[in-house]
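Overview (structure and organization)
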Amino acid sequence: MESKRKWAGASALTVTLLLSACGGGGPGSSGGDFTGGKLVLAVLNDQSGVYKDASGPNSVKAVKMAVADYQKKYGDKAVVKKIEVTSTDHQNKPDIANTKAGELYERGGADVILDVPTSSAALAVANQAKNHKKLFLDVSAATTALTGAQCNKYTFQWAYNTHLLATGTGATVTRNGGKKWTIIYPDYEFGQNMTKSFTAAVEKAGGTVQETIPTPFPNENFATFLTKAGSGNPDVIGTMQAGGDLINLVKQFNESGLKDKGVELAVGLMLINDIHSLGVEQFAGTLFTDPWYWNMDAEARAWADRFLAETGARPSFEHAGNYSAALQYLEAVQAAGTDDADAVVAKLEGKKVNDVFLRNGEIRAQDHSVVHDANLARVKKPADVKEDWDYEEIVTKIPAAEGFPPAEASGCSMTS
Amino acid sequence: MLEVTGLSAWYGQARALHEVDVRVDEGEVVSLAGRNGAGKTTLVRCLIGLHQQASGTVRLHGRDITGLPAHSRARAGMGWVQDDRGIYASLTVEENLLLPPTVSDRAWTLARVYETFPVLAERRKAPGSTLSGGEQQMLAIARVLRTGARLLLMDEPSEGLAPVIVSRIAAIIRDIKATGAGVLLIEQNVKFAATVADRHYLLSQGRIVETLDNDEFRRREGDLLKYLGI
Amino acid sequence: MSAVLQYAVQGLAAGSFYALAALGLAVIFGVLGVVNFAHGAFYMLGAVAAAVLLDTLDLTLWWSLLVVPVLMFGFGLVVERLLVQWLLRLDPLYNLLLTFGLTLILVELVKQRYGVSGLPYQLPGGLQGRFDVAGVVLPRYQLFVLLFSVAVCALVWLTMTRTRIGMILRAATENPELARALGINVGRWVAPVFGFGVALAGLAGVLAAPFRAITADMGNNFAIILFAVVVIGGLGSIVGAVVAGFLVGLVEAFGQAYAPTFAQILIFVLMALVILIRPAGLFGRQEATT
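Residues numbered from 1 in each chain as written. Chains lettered and ligands numbered in written order. Predicted model: local features only at pLDDT ≥ 70, side-chain atom pairs only at ≥ 80, totals over all residues.

Topic: the overall build of chain B
Heads up, the condition is: Strands are runs of DSSP state E lasting at least 2 residues, helices are runs of H or I lasting at least 4, and numbering of each runs from the N terminus. Only C-alpha atoms enter the radius of gyration; for comparison, a globular chain is expected to reach 2.2 Å times N to the power 0.38, where N is the number of residues. We call a residue exposed when 12 or fewer other C-beta atoms sit within 10 Å of its C-beta, buried when the count reaches 20 or more, and partly exposed for counts in between; the C-beta positions come from the backbone. Once C-beta atoms are placed from the backbone, any two residues with those atoms within 7 Å are in contact.
Helix and strand counts for chain B stand at 10 helices and 10 strands. Against the globule reference of 17 Å for 230 residues, chain B gives a C-alpha radius of gyration of 17 Å, in line with a compact fold. Principal axes of the C-alpha set define a box for chain B whose edges measure 45 × 40 × 30 Å. Counting the 230 residues in chain B, one finds 47% classified as buried. Sequence-distant contacts in chain B: of pairs separated by 6 or more residues, those separated by 24 or more amount to 71%.

Written as structure tokens, this is what we have:
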């Protein structure tokens, strides 16, 4: 209880970065169609907590890269010259995310909010977007509710959802022979949602989930949960833990000897930063879904090189997703010639896109799910790692139509 | 041996002692009597070094110890027998005895302690918490003797003890006196004080109001009892 | 049956961390009267130090078990001299504020320096692998952790009960004023005792490094459970801290096995029961060291 309080006490960090005032460019060339004469892209995410490395400050840099690319591409033809990127910390808390989003739209002049990890926080921001009739492009939250029961006209989900993770990992592993599953999940929104999606995907692929084990969150000690999971002799233990909890679980899984008994570990959600921090030794052989991998092809790699020069690290799929979302937003603004949200949404809806992040991408009009091809990845053995951050081997591509649920099944009805 | 001059003490704004002068010589037992709240406990705590808000000087063996912290005063030869005996419940009898450092070559050996207090020898391994009141008092006195302290501050040593034990303690105090040590006895029990002390101070409202020799003290015993409200 | 045995071993291994860290907390509280809310942060620093030593100097766990407690002891001395000593005469509220604030600072500094994703750690070869005894899988490292902590706890207990230092510390714990009046310079022991308590927390952190996520936040949840341990054992009681540490480990393990959702709540239910039945904890103040 005490430790919760301290996060509330830590004041939210808001940094405004004036990116381009376009030198001494005289007024008048733009402004009429842009509130305040400028465009504001607000990144709202975890700047200090568990998701800081996976997204955090480097997502802000990715968005700035998109702005720079937009300006380079259009130069004097850009419909808006003054573009600001701001960064706000939501500390992974829905209440803080809710307040901050309201402030950003009302007083911060934000035309679009980007990123927002943590499902409950993302849902709160989606609601604010709907009320303020301003855009929200979510990248890092996984819940299908964003494009389902709680979808709205101004909210888009850019990178992935629990359904993608479940079909990617759950169905593929099952088809590859991992028929009997036991799932360990953290007992909160994301974990429950993931467990449901995985169970459906495993069963659809002909497997069975013989047991699901809820755990507290956060939690350090998984030894007994793992023993219990192993006692049913499953082929696969699926873990829906994330961040530090995932590292705890993987370390203790390796310690438990279940690997030697032939039990495979499948991870629901893992980011490259998890592998980087824990080392490939601990994760070697683990299967997981990666919506985008920096070394998956030449185009991704070229962008990842720029990102590396900018930040000193290779990008996670969330960083690339933020770049893509910002870039496509700017393209839509350029096409619409205004920052008016309804006009921009009209340009986004139904658009087929290929960029650094999106392959065979489509910004679906029906549910605002941005669907694209993803990957099933396996963590490399230490001996196969050839350079820093070279951690993944792509096992198979997950086509967009397979990874994302059909729009009709989403349960979304756009009322506003 | 002990010379206290002009000792005043405060608790915040409230003054508890006014310019108190007290003197104890070698081989002398001096009692200090007074009602509850007269300032006896404050005086003892000032001497021990546990009460900081004070002025005046305290000398021991001619050495000014006014500025010394409590543990240095103990090492200078001041031994405290607390009114609640101050026996450590979590230490055994023997550990209680061995806890304080020896401070002079007059220090008693453990063997001598056990010879003098056979009951402590019997119970040497017992935790302090299991001793009776009389045993605790013996232990508190023995503990100070083992350090070789030359001045003993004894706070109510007879309080709450059976008569047979009180007379035993009186005998011990006379023995201590015979070794040349000084004793300042804080005592409300006038009869007991009269049997062991050479001189008597009367403390009232933070002032020494009278100094009596033992003959006069005995003569006025009735008065004093009334005066002390006992 | 074998499952029960396995849960018990896992519980005791997890309890080892609680026991060691709670022991440090109890020693500090006993002598200083300070409830050290920064204990979780010191545990975290121990684990981070082990990871950094392995990464930069190639010092394996064996060395870290030796070096990190010494470093943490020194760090504890500095913290005591600079900060904690000013608390001793103040209202306990200030010790909450100071040690809690210290936690925030340490956690943030580690985040700034080492990020939030955590640090890698590899066990030395000798501690990898498992024993398989009659269907019970006993990871070597878990056994090692258990034996090592029991040995350290026993050593501390022997020091407290059989040596002059221990006697002085027990006296200073029970009645510091009297100890001073008896000629013991209690103040001299305050900084070393604080350093020692911090070293124990750091040692628990080193032991945790191989099978816990090494992140700046790793001490937060740990600290919460740690305070439940100390309350159950009795604040300031050395034996109580150790017994309650292992007990809580067992409750956690069997909770995970038979009532997973309630695994952590059970610990606090136990704490509430203890407070109801024995407000001073299982081993109250006065029996601190028996």
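Some thoughts on the overall build of chain C
From N to C terminus, chain C includes 11 helices and two strands. Relative to the globule expectation of 19 Å for 290 residues, the C-alpha radius of gyration of chain C, 19 Å, shows essentially globular dimensions. Along the longest, intermediate and shortest principal axes, the C-alpha atoms of chain C span 60 × 45 × 35 Å. A separation threshold of at least 6 residues defines the contact pool for chain C, and within that pool the share at least 24 residues apart is 78%.

Some thoughts on the pairing of strand β7 (residues 151-155) of chain B
All names here are of chain B. Cut-off, in case you're wondering: By this definition, two strands are paired if DSSP reports at least two bridges between them.
Buried residues dominate β7, accounting for five of its five residues. What you see with β7 is no split at all: Leu151, Leu153 and Asp155 on one side and Leu152 and Met154 on the other are buried throughout. Note: strand β6 (residues 78-81) against β7, four bridges, orientation parallel. Pairing of Trp80 across the sheet is with Leu153, part of β7. Two elements, β7 and strand β8 (residues 182-186), share five bridges in a ladder whose sense is parallel. In the sheet register, Leu153 faces β8, and the bridge partner there is Leu184.

Examining the interface of chain B and chain C
Often, the extent of an interface is quoted as the loss of accessible area on bringing the components together. Spelled out, the test is: Under this grouping Gly is polar, as are all residues other than the nonpolar Ala, Val, Leu, Ile, Met, Phe, Trp, Tyr, Cys and Pro and the charged Asp, Glu, Lys and Arg.
On the side of chain C, 17 residues touch chain B, which itself brings 21 residues to the contact. At four residues, helix α2 (residues 70-75) of chain B tops the list of elements feeding residues into the side of chain B that touches chain C. Of the residues in the side of chain B that touches chain C, the class split is 13 nonpolar, six polar and two charged.

Examining the interface of chain C and chain A
Taken together, the contact between chain C and chain A spans 36 residues of the former and 37 residues of the latter. Those elements that place two or more of their residues in the side of chain C that touches chain A are α1 (2-32), α4 (92-114), β2 (136-139), α9 (218-233), α10 (238-258) and α11 (263-277) of chain C. When grouped by side-chain class, the residues that make up the side of chain C that touches chain A number 19 nonpolar, 12 polar and five charged.

A look at the environment of Phe131(C)
Residue and element names in this part refer to chain C. Here Phe131 lies in strand β1 (residues 130-133). Along the chain, Phe131 and Leu143 lie 12 residues apart, while their C-alpha atoms are 9.5 Å from each other. Ignoring any residue separated from it by four or fewer positions in sequence, one finds Phe131 in contact with Leu138 and Arg140.

Quick look at the environment of Ser140(A)
Summarising the element assignment, Ser140(A) is placed in the loop between β5 (135-138) and β6 (155-157). Accessibility expressed as a C-beta count within 10 Å gives 29 for Ser140(A), which makes it buried.

Thoughts on the pairing of strand β9 (residues 236-239) of chain A
All names here are of chain A. Side-chain alternation along β9 places Val236 and Gly238 on one buried face and Ile237 and Thr239 on a second face that is also buried. Looking at chain direction, β9 and strand β10 (residues 264-267) are connected through four bridges and run parallel. Within β10, the position partnered with Thr239 by the bridge is Val267.

Some points on helix α8 (residues 243-256) of chain A
All names here are of chain A. Just so we agree on the cut-off: Expected span of a helix: the number of residues minus one, times 1.5 Å.
With 14 residues, α8 ought to run about 20 Å at 1.5 Å a step, and its terminal C-alpha atoms sit 20 Å apart, in line with that. Burial of α8 is extensive: 14 of the 14 residues sit out of reach of the surface. Following α8 by one or two positions, Gly257 has its phi on the positive side, about 85 degrees.

A look at the sheet that holds strand β10 (residues 207-213) of chain B
Picture the strands of a sheet paired through backbone hydrogen bonds; they go either parallel or antiparallel. Residue and element names in this part refer to chain B. Just so we agree on the cut-off: Fitting a line to C-alpha atoms yields each axis, with helices limited to the stretch in contact; the angle taken between N-to-C directions then spans 0 to 180 degrees.
Taking strand neighbours across the sheet as the criterion, the six strands line up as β6-β7-β8-β3-β9-β10 in an open arrangement whose pairing is mixed. Both outer strands of the open sheet, β6 and β10, are each paired with one neighbouring strand and no more. Each adjacent strand pair in this sheet contributes to an overall mean axis angle of 20 degrees, direction not counted. Alignment of strand β9 (residues 199-204) against β10, held across six bridges, turns out to be antiparallel. Looking at β10, one finds that Ser204 is bridged to Arg207. Sitting on the sheet, helix α6 (residues 133-147) is in contact with β6 and β7, with an inclination near 170 degrees to β6. Across the sheet, helix α7 (residues 163-178) is in contact with β3 (29-33), β7 and β8; its angle to β8 comes to roughly 145 degrees.

With respect to the confidence of the model for chain C
Residues and elements named next belong to chain C. Worth spelling out the cut-off: One confidence number per residue, pLDDT, is output by the predictor and ranges from 0 to 100.
Averaged over every residue, the pLDDT of chain C is 89; the share at 70 or more is 98%. Every residue in residues 286-290 is under pLDDT 50, and counting partners more than four places away or in other chains gives 17 contacts. Overall fold confidence for the complex sits at a pTM of 0.80, while the interface term, ipTM, reaches 0.87.

Overview of the sheet that holds strand β2 (residues 14-24) of chain B
Residue and element names in this part refer to chain B. Read across the sheet, four strands follow the order β2-β1-β4-β5 without closing on themselves; strand pairing throughout is antiparallel. Edge strands, defined here as strands with exactly one partner in the open sheet, are β2 and β5 (63-64). Here strand β4 (residues 54-60) runs beside β5; their pairing, made up of two bridges, is antiparallel. Within the sheet, the bridge partner assigned to Arg59 lies in β5 and is Asp64. Its contacts with the sheet put helix α1 (residues 40-48) on β1 (2-11), β2 and β4, and the angle it makes with β2 is roughly 65 degrees.

Here we look at the nonpolar core
Rule in force here: A set of buried Ala, Val, Leu, Ile, Met, Phe, Trp, Tyr and Cys residues, joined through C-beta atoms within 7 Å, is what we mean by a nonpolar core.
In terms of nonpolar packing, the biggest core is built from 309 residues, with Ile113(A), Val125(A), Ala22(C) and Leu23(C) touching the most fellow members. The dominant element in this core, judged by the number of residues it contributes, is α1(C), at 19 residues. When sequence neighbours within four positions are dropped, the list of residues in contact with Ala22(C) reads Leu226(C), Val229(C), Val230(C), Gly233(C), Ala241(C), Ala244(C) and Gly245(C).

Structural notes on the arrangement of the chains
Most contacts, when the two pairs of chains in contact are compared, are made between chains A and C. At the C-alpha level, the nearest point of chain A lies 33 Å from chain B, with no contact between them.

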